[in-house]
Amino acid sequence: MSAPADTTALRRALDRVTYGASPALIDEAQRLGWADWIDQQLAPDDSQDAELDRRLRSLQLLIEYEIDPAADGKAMMMKGGKRQVKEMRPLKYLDLGVDEVFPICRAENLPYGEKERPMNELIIGTIMRAVFSRWQVREMVVGFWHDHFNIDAEKDDAILVSIPAFDREAIRRHALGNFRQLLEAVARSTAMLYYLDGVQSRASPANENFARELFELHTLGARHYFNHLYTKWRDVPGALDGKPSGYIDQDVYEAARCFTGWTVENGEEDDGGVKRPLTGRFLVHDAWHDPYQKRVLGNEFDSQRPALEDGCRVLDLVAAHPATARFLAEKLCRRFLADAPPDTLIAKAAETFTAQRDAPDQIAQTLRTIFLAPEFLDAPKSKLKRPLEYLASLVRCGGIEFTPTMEVNWALESMGQRIFRWHTPAGHPDTATYWTGGTFLLRRWNFARTVAFDDDWKKITGCRYLSLTPPDCRTIGAVLDYWHQRLTGEAVPDAVRNALLKTLSRDGGADHEEEFRGGDRERTERLSACCALIAASPAFQLR
Amino acid sequence: MMINRRTFLRTSLGAAPLVTFGASRLTRLAFAADSAAAADRDLLVSIFLRGGCDGLNFVAPVDDRDYIAARPPEMRVPEKGDHAGLALPNGFAGADWRVHKEAAPLHELYLGGDLAIVHACGLVNASRSHFDAQDMMERGIADQKNLGLDTGWLARVLAAIPAPGLLPGVAPAGTLPVSMLGTDRACGIADLRDFAYWGDPGERAVLHSLQNLASPLTTPSQRTLALIEAIHKKLPHDKDGNVPKYQPGKGVKYPEHDFSDALQTVAWLAKLDVGLQVAAVDYGDWDTHTGQDYRFAEQVRNLAGPLAAFYRDLSDRTQRVTIVVMSEFGRRLKANESGGTDHGHGNVMLVLGKAIRGGRLHGAWPGLGNDQLDQHADLAITTDYRQVLAEVLEKRLKCGVGQIFPGWSAKGALGLT
């Protein structure tokens, strides 16, 4: 166990585990001390998040779409041409149960704009929580799991409406809890059953989509996929003792059979004309289950066992496999610390994950191991913020007034982050090369200006750089030092000091002692340009 | 959805000032004879169909008994009926070879002799993982133990050929794919009209100094900044300083689709004389575990139309274009019980170009009998995907392949060129 060496290290650590170390957050962590602050964050109390609750309750989000009577086949019923729906509505889907929303996706004639509303509300809710939740560490961890168990909500209308329930009941409920429970909640969720086609998987042949990604992406990881080495299960080292070191396609096939019959009450008609209820809830349909004996990871499954038992046994096996501990430890370290995290840190995290396998807070304990390790606290900044981290940290550290619209989501997408809309099941790449290959990087630099200058954004991001500048910062040097420190947690690098001073100077000079003067509007303009450039600099882009 | 995103780009762009820059190292290079250097080598366009395109639903022996037995009609290229496949002369012996009906624009290019089809082709590795298989193919390898190889095959091509131009490689996307990993000669450009920094010259100068600070971002930042400046000098501007929309060649009309947009970015850059040699274009969503009958037809339609338009758009340039199309694997011969197919093995590759020996199927057909299948389940591979790429590289890009595909050597030749 270790603690940050000084205030700079504390600030850096905070930026690593949160959506940005606001001045208030830094105070709080200094007061409690790193370890206690981490412990508090890892056991969040939802009744203690008043500001977020208030803002979520009062937020109005635009819904806008066109009804074309001709296209909807309602031409006879409606007079006139196209009708525009454009209104502000409060968020209503974040807390609804799946059974309350599922019928929406099957409602004929309901415009797409209404069907995608639950997803859009969740996107905005996610952005709001990143910026305003007191439980910052959990928000970061929730973001991690959403990539780990990636779902593209646009794949199917059923996912558009059930993604809030997935976020709430699978991801958030278990984000800091026990991995085996998280895994089952995901596997049984309406959203994942639709995304990886489990909903349609029946004997025989089974649909292999979910089973394959379960091994490759959710648990053991591709490094333990040994299909190029072995074609028979018994050849995999350890398999004859029921402890194979990795998996091959035969395990995928067999696991896929185990999950046949895990489906959804989606109102569809089964063989024999029996109609399922339209609740969107998890359904075990034993008639679709492949009943014969199976063998997964060297473990025998008897024939004629119920579908639920077969599937859960697979989850037991993969959740407990040593490769899973290693894979998750590495991914967590990569997300929170660096693209290439040190092996020693990964090993410590995997050890905790394994030792706490049955603990209800297995994931929180694993994170605690990482966050309190010297490898974590002493490492220099190197991890590139994701677009949402970039946006939220700019708002939080810069004291910006923030009222999100869907425009914010399109801005994040333009920088490469598609919240709940990433197509492939691997989720967003987690190394800098993805975010820096050209246009995405350029748009980051432009985004900092958008926040400060774009007229369309004035209602979304209200910058108050001038009014937040302490009155005793009278020279351009003092103003620069204040904002660079506040945004990045670091002093201005010598090599760029003059360049940044010029942006604040009235006549393009670089004299530290020059008085920061001019009318409010003029000073706001210069200060905004300066802060936009600091935000585009490596000191702010990296954490 | 898309409308909203575009609105964001457009409104933000409205404020974009004209870009004027001093010469950097890269921009000075730009004035070298870009087009001259490029002209004696084809422009190579590598298209990756992500998700595992079902080659057996694309180009197939429609009267093969094993084929017919393994799948319901809606997941086959049928012999007759409304969806009957289009006949392919010069197929493999002993069967009636056809291509999916929605590939009509490509069928035309096949009949004209420009399009070659290689079947039973792919990654000779047993992986049925999308991400592993894509990763290996994009790195130009066939073995997990080489996954440490930290450059993509196109990046190595860009290192091996003379590429003095401003922008030898491009991916028409926000970022670069793995195949272009590890080169500073390529950049991801999603939209040329939006490839500009909005700050004024003073801010731009500061941005330059900030990105010169040593950090993990230095290299990509400097490259991107230099390119923005140089490319904008090449682009046309209207009287308000805005970049007008791209105008395709005479009589060429791209169908409305994201894939068309990507190809038009490549076509535009090719015509701008920036020394373009290699482009990598992605087209996703081929993972048809369910709903294959309607999904696959749409995928093929949106591949064929844009690709044929792109080919025509670039047809009268001095620098020829050669296009290769590949996917990480084919799909299982036998359909699953949920209206789709699962991950398989062998697949088709397409090669399109004036100098390509098209109008025929290349490679060797292993058959679809149980004993002829890979692991008794999937189309076997008789041609390594690198054989196809190597023939194109050697003949059309005058590029030796020893360094491009380390540890691999050709076994015979297909005679593609």
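Here is what the cut-offs are and how they apply
- Residues numbered from 1 in each chain as written.
- Chains lettered and ligands numbered in written order.
- Predicted model: local features only at pLDDT ≥ 70, side-chain atom pairs only at ≥ 80, totals over all residues.
- Helix = DSSP H or I, 4+ residues; strand = E, 2+ residues; numbered from the N terminus.
- Buried ≥ 20, exposed ≤ 12 C-beta atoms within 10 Å, placed from the backbone.
- Contact = placed C-beta atoms within 7 Å.
- Rg over C-alpha atoms; globule rule 2.2 N^0.38 Å.
- Nonpolar A, V, L, I, M, F, W, Y, C, P; charged D, E, K, R; others polar.
- Axes fitted to C-alpha atoms, helices over the stretch in contact; angles between N-to-C directions.
- Parallel < 35°, antiparallel > 145°, perpendicular 65-115°, else oblique.
- Left-handed = near helix turned anticlockwise from the far one by under 90°.
- Core = buried A, V, L, I, M, F, W, Y, C linked by C-beta atoms within 7 Å.
- Domains from an automatic or database assignment.
- Expected span 1.5 Å × (residues − 1).
- pLDDT = per-residue confidence, 0-100.
- Pairing = 2+ DSSP bridges.

Caption draft 1: Main features of the overall build of chain B. Secondary structure assignment for chain B yields twelve helices and twelve strands. C-alpha atoms of chain B, sized along the principal axes, occupy 70 × 45 × 40 Å. Across the 417 residues in chain B, those meeting the buried criterion constitute 56%. In chain B, the share of contacts with a sequence separation of at least 24, taken over all contacts with a separation of at least 6, comes to 73%.

Caption draft 2: Representation of the overall build of chain A within the structure. From N to C terminus, chain A includes 28 helices and eight strands. Taking 543 residues into account, the globule formula puts the C-alpha radius of gyration at 24 Å, and chain A, at 26 Å, falls close to it. Dimensions of chain A, computed from C-alpha atoms along their principal axes, come out at roughly 85 × 70 × 40 Å. Going through the 543 residues of chain A one by one, you find that 53% of them count as buried. Considering only contacts within chain A whose residues lie at least 6 apart along the sequence, 70% involve residues at least 24 apart.

Caption draft 3: Representation of the interface of chain B and chain A. Tallying the contact residues gives 54 residues for chain B and 59 residues for chain A. Going through the elements one at a time, helix 1 (2-14), helix 6 (130-139), strand 7 (186-188), helix 8 (201-212) and helix 9 (218-234) of chain B are the ones with two or more residues in the side of chain B that touches chain A. Of the residues forming the side of chain B that touches chain A, the biggest block, seven residues, is contributed by helix 8 of chain B. Of the residues belonging to the side of chain B that touches chain A, the class tally is 22 nonpolar, 24 polar and eight charged.

Caption draft 4: Representation of the packing of helix 16 (residues 322-336) of chain A against helix 17 (residues 343-355) of chain A in the model. Residue and element names in this part refer to chain A. Closest axis-to-axis distance for the helix 16/helix 17 pair is 8 Å, and the angle between their directions is 130°. Here helix 16 lies oblique to helix 17, going by the angle between them. Where helix 16 crosses over helix 17, the two elements pack in a sense that is right-handed. Between helix 16 and helix 17, the residues in contact are Pro322, Ala325, Arg326, Leu328, Ala329, Glu330, Leu332 and Cys333 and Leu345, Ile346, Ala349, Ala350, Phe353 and Thr354, respectively.

Caption draft 5: Representation of the environment of Pro4 of chain A. All names here are of chain A. Topologically, Pro4 is positioned in the segment before helix 1 (7-17). Separated by 323 residues in the primary sequence, Pro4 and Phe327 place their C-alpha atoms 27 Å from one another. When neighbours within four sequence positions are excluded, Pro4 is seen to be in contact with Ala9, Leu10, Ala13, Trp34 and Leu377.

Caption draft 6: Here's a closer look at the nonpolar core. In this structure, Met349 and Val351 of chain B are the most contacted members of the largest nonpolar core, which totals 290 residues. With residues near it in sequence (within four places) discarded, Val351 of chain B still touches Ala116, Val118, Val324, Ile356, Val388, Val392 and Leu416 of chain B.

Caption draft 7: Summary view of the domain arrangement of chain A. As assigned here, chain A comprises domain 1 (196-320) and domain 2 (465-541). Using C-alpha coordinates to define each centre, domain 1 of chain A is positioned 58 Å away from domain 2 of chain A.

Caption draft 8: How the structure looks around helix 12 (residues 385-396) of chain B. Residues and elements named next belong to chain B. A rise of 1.5 Å per residue sets the reference length of helix 12, with its twelve residues, at 16 Å; its end C-alpha atoms lie 17 Å apart and thus fit the reference within 8%. Among the twelve residues in helix 12, ten count as buried, and that is most of the element. Listed in full, the buried residues belonging to helix 12 are Tyr385, Arg386, Gln387, Val388, Leu389, Ala390, Glu391, Val392, Leu393 and Arg396. Just past helix 12, the residue Lys398 takes up positive phi, approximately 50°.

Caption draft 9: Quick look at the confidence of the model for chain B. Residue and element names in this part refer to chain B. Confidence along chain B averages 91 in pLDDT terms, with 90% of residues attaining 70 or more. Confidence drops under a pLDDT of 50 for residues 1-34, and excluding neighbours within four residues, the segment shows 52 contacts in the predicted structure. We note a pTM of 0.93 for the whole complex and an ipTM of 0.93 for its interfaces.

Caption draft 10: Region of interest: the packing of helix 14 (residues 249-259) of chain A against helix 15 (residues 307-320) of chain A. Residues and elements named next belong to chain A. Contact geometry for helix 14 and helix 15: axes closest at 7 Å, N-to-C directions at 140°. Between helix 14 and helix 15, the interaxial angle falls into the category oblique. In this structure, helix 14 uses Ala255, Cys258 and Phe259 to contact helix 15, whose residues at the interface are Asp310, Gly311 and Val314. Here the contact of helix 14 with helix 15 is composed, by residue class, of four nonpolar, one polar and one charged.

Caption draft 11: Summary view of the sheet that holds strand 2 (residues 59-61) of chain B. Residue and element names in this part refer to chain B. Taken together, three strands build an open sheet; the order of strands is 2-4-3 and the sheet is antiparallel. The sheet is open, and its two edges are formed by strand 2 and strand 3 (86-87), each paired on a single side. With two bridges connecting them, strand 3 and strand 4 (residues 97-99) associate as antiparallel partners. Within the sheet, the bridge partner assigned to Ala87 lies in strand 4 and is Arg98.

Caption draft 12: Examining unusual backbone geometry more closely. For the peptide bond that leads from Ala203 of chain A to Ser204 of chain A, omega is -15°, which places it in the cis range. Counting through the fold element by element, Ser204 of chain A comes out in the loop between helix 12 (190-195) and helix 13 (209-218). Put simply, Ser204 of chain A and Pro205 of chain A share a cis peptide bond, and its omega is 5°. Position of Pro205 of chain A among the secondary structure elements: in the loop between helix 12 and helix 13. Within the chain, His376 of chain B stands out as a residue other than glycine whose phi angle is a positive 60°. Secondary-structure assignment places His376 of chain B in the loop between strand 11 (361-362) and strand 12 (383-384).

Caption draft 13: A look at the pairing of strand 1 (residues 43-49) of chain B. Residue and element names in this part refer to chain B. Judged by how many residues are buried, strand 1 sits mostly within the fold: seven of seven residues are covered. Alternating positions in strand 1 separate into two faces, Leu43, Val45, Ile47 and Leu49 on one and Leu44, Ser46 and Phe48 on the other, with burial throughout. Relative to strand 8 (residues 278-283), strand 1 runs parallel, the two being bridged by six bridges. Counted as the bridge partner of Val45 is Ala279 from strand 8.

Caption draft 14: Geometry of the environment of Leu303 of chain B. Residues and elements named next belong to chain B. With respect to the helices and strands, Leu303 occurs in helix 11 (residues 292-313). Residue classification places Leu303 among the buried residues on the basis of 25 C-beta atoms within 10 Å. Separated by 107 residues in the primary sequence, Leu303 and Ala196 place their C-alpha atoms 30 Å from one another. Excluding its chain neighbours within four sequence positions, the residues that come into contact with Leu303 are Phe259 and Tyr283.

Caption draft 15: Local environment of the pairing of strand 2 (residues 83-90) of chain A. Residues and elements named next belong to chain A. Of all the eight residues making up strand 2, zero are buried; the element is thus mostly uncovered. Pairing between strand 1 (residues 60-67) and strand 2: eight bridges, direction antiparallel. Residue Tyr65 lies in a different strand from strand 2, and its bridge partner there is Val85.

Caption draft 16: Region of interest: the environment of Ser327 of chain B. All names here are of chain B. Within the element layout of this structure, Ser327 appears in strand 9 (residues 321-327). When the 28 C-beta atoms within 10 Å are taken as the criterion, Ser327 is described as buried. Those residues in contact with Ser327 that sit more than four places away from it in its chain are Leu49, Gly52, Cys53, Trp286 and Asn347.

Caption draft 17: Region of the structure containing helix 26 (residues 494-504) of chain A. Within helix 26 of chain A the residues assigned to the buried category are Val496, Ala499, Leu500, Leu501, Lys502, Thr503 and Leu504 of chain A. Residues of helix 26 of chain A that are buried sit in contact with helix 25 (476-488) and helix 27 (520-536) of chain A together with helix 8 of chain B.

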